[in-house]
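Chain by chain, the residues:
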Amino acid sequence: TSTGAPIVVDVTVKPLPVATVTPASKTICSGTAFSVALNSNISGTSYNWTVVAPNIFGFSDGSGVTLPGQTLTNSVSSASTAVYTITPIANTCMGSPITATIIVNPTPTVIANPSSASICSGETTNIALTSNVSGATFSWTVTSVDVSGAIAGNNTLIAQTLFNSNLTLGSATYSIVPLANSCSGAPVNVIVTVKPIPGITATPSLQTICSGTAPNIAFTSDLLCQSFSLFVKQSCLSGDSVGSGNT
C-alpha cells in the first residue's frame, strides 16, 4: 500500500459579531427624531434593520454602519411603539439580531369651548379646555387690551372675572398650550371681547308735573348708539308703564 504526501488545509473561523444598542428603549414625542448608538465586538461591523411600527409614520428599513435617527410621527391619540430589529454583519458573518424599542407619545391638541367669547364688564369667562390625549394639562398666557382681571394660569377651565373701565370694546387673548407625557402641542388662541357697562344720564333728573300731563325726560349715555329700558316705581299714580327708547 502506498501513502501519498500529506497536504495542509487551513480553515479560517471568523467570529460572529455581537451587537449592542444604547439605549435599548427610548421614549420620544411625535414628530421628533430619536438617536441610538450601535456597537459591536468586531471593528467594521455593519447592520441591517427592519421596523414594525403600527400607527407610526416616518420609519424605514435599511442598512449601514449606524442607525440614523428617523423622525417618527404617531397618528393616534395614545402611545405607539416602533420596534427596530437590528442584525450585525461582519466579514460576511451574521450575528444574532437585537431590538431597539422606540415609544412615540402623541402630540396633544387643545380644544377650547367656546373658541371665542363676548361678555360684559364684570362678568366671568367660562372656557372649558379638553384634549385628544387623555390626562393632558393646560397652561396659558394672556394679552389684554383695556381689560383688567386677566392673568396667566393653568387649569382645565379659564374662569376669570374681567373688567373694562373704558368706553370702547376691550379684549383678552388667551394663548393656551396643552401638555401630555412631557409632549407639548401647538398653542390655541381664544379671544374674549369685554364690553363696557354704559352709564346713563337723565335730564332732568327730577321733574315736577301736573296730573294729566306727560313728563319729558331725555336719556343719554357715555356710549354711542345706546337704547334704554324704563322701569317705573310709582305711588298713588296711574298712567305709568314700563317702556324703552331715548326719551
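We now turn to the structure provided with this report. Each chain carries its own residue numbering, running from 1 in the written order of its sequence. pLDDT decides what is reported in this predicted model: residues at 70 or higher carry local features, side-chain atom pairs at 80 or more are listed and counted, and totals for whole chains, interfaces and linings draw on all residues regardless. Where side-chain values are given, they derive from all heavy atoms of the structure, hydrogens and water being excluded.

Before going further, it helps to examine the overall build of the protein chain. Secondary structure counts use DSSP, requiring at least four H or I residues in a row for a helix and at least two E residues in a row for a strand, with both numbered from the N terminus. The helix and strand tally for the protein chain stands at zero helices and 24 strands. Surface accessibility follows the Shrake-Rupley procedure with a 1.4 Å probe radius. Residue values consider only the protein chains on display as shielding. Surface accessibility of the protein chain: about 14,900 Å² in total, with carbon and sulfur atoms responsible for 56%.

Another point: unusual backbone geometry. What is expected of a backbone is that most residues other than glycine have negative phi and most peptide bonds are trans. Each neighbour pair has its own omega, and for T22 with P23 the value is -5 degrees, a cis peptide bond. Summarising the element assignment, P23 is placed in the loop between β1 (19-22) and β2 (25-29). Look at the link from N113 to P114: it is a cis peptide, with omega at 5 degrees. Structurally, the position occupied by P114 is in the loop between β12 (110-113) and β13 (116-120).

As a further point, take the pairing of strand β5 (residues 46-52). By the alternation rule, side chains of β5 split into Y47, W49 and V51, which are all buried, and S46, N48, T50 and V52, of which none is buried. Pairing analysis gives seven bridges linking β5 to strand β9 (residues 80-90), with the strands arranged antiparallel. Looking at β9, one finds that V51 is bridged to Y84. With three bridges joining them, β5 and strand β7 (residues 62-64) adopt antiparallel strand pairing. Across the sheet, residue N48 finds its bridge partner in β7, namely S63. Summary of the burial criterion: residues with accessible area below 20% of their type's maximum are buried, those above 50% are exposed, and those between are partly exposed, where the area comes from a 1.4 Å probe applied to protein chains only. When DSSP finds two or more bridges between a pair of strands, those strands are recorded as paired.

Reading across the sheet, the three strands line up as β3-β8-β6 and stay open at both edges, with antiparallel pairing between neighbours. Looking at strand neighbours, the two that pair on one side only are β3 (32-33) and β6 (56-57), the edges of this open sheet. Here β6 pairs with strand β8 (residues 71-74) via two bridges, running antiparallel. Bridge pairing in β8 places F57 opposite T73.

In what follows, a disulfide is any cysteine sulfur pair within 2.5 Å. Scanning the entire structure with this criterion turns up one disulfide. Shown here is the disulfide that connects C29 with C183, its sulfur atoms set 2.0 Å apart. Taking the sign of the S-S torsion, about -95 degrees here, the bridge from C29 to C183 comes out left-handed. Of this pair, C29 sits in strand β2 while C183 sits in strand β19 (residues 183-184), and the two are 154 residues apart along the sequence.

Let us look at the side chain of N164. Here N164 shows up in the loop between β17 (157-158) and β18 (170-180). At 2.9 Å, the side chain of N164 forms a polar contact with the backbone nitrogen of N166. There is a polar contact of 2.7 Å between the side chain of N164 and the backbone oxygen of T168. Should any heavy atoms of two residues lie within 4.5 Å, those residues are counted as being in contact. Beyond its immediate stretch of four places on either side in the chain, N164 contacts S121, D146, L169, G170, V194, K195 and P196. Between N or O atoms, a polar contact is any pair within 3.5 Å; within protein, one atom must be a potential hydrogen donor and the other a potential acceptor, and residues adjacent in sequence are included only when both atoms are from side chains.

What follows covers the pairing of β18. Pairing geometry for strand β15 (residues 137-145) and β18, over nine bridges, is antiparallel. In the strand pairing of β18, T137 is matched with L179. Judged from the seven bridges that link them, β18 and strand β20 (residues 188-195) form a sheet pairing that is antiparallel. Note that in β20 the partner of I176 across the bridge is V188. Bridging between β18 and β19 involves two bridges; their strand directions are antiparallel. Across the sheet, the residue bridging to L179 is S184, located in β19. What sits between the antiparallel neighbours β18 and β19 is a turn of two residues, in which N181 has the positive phi angle 55 degrees.

Purely spatial values, then, with no claim about function.
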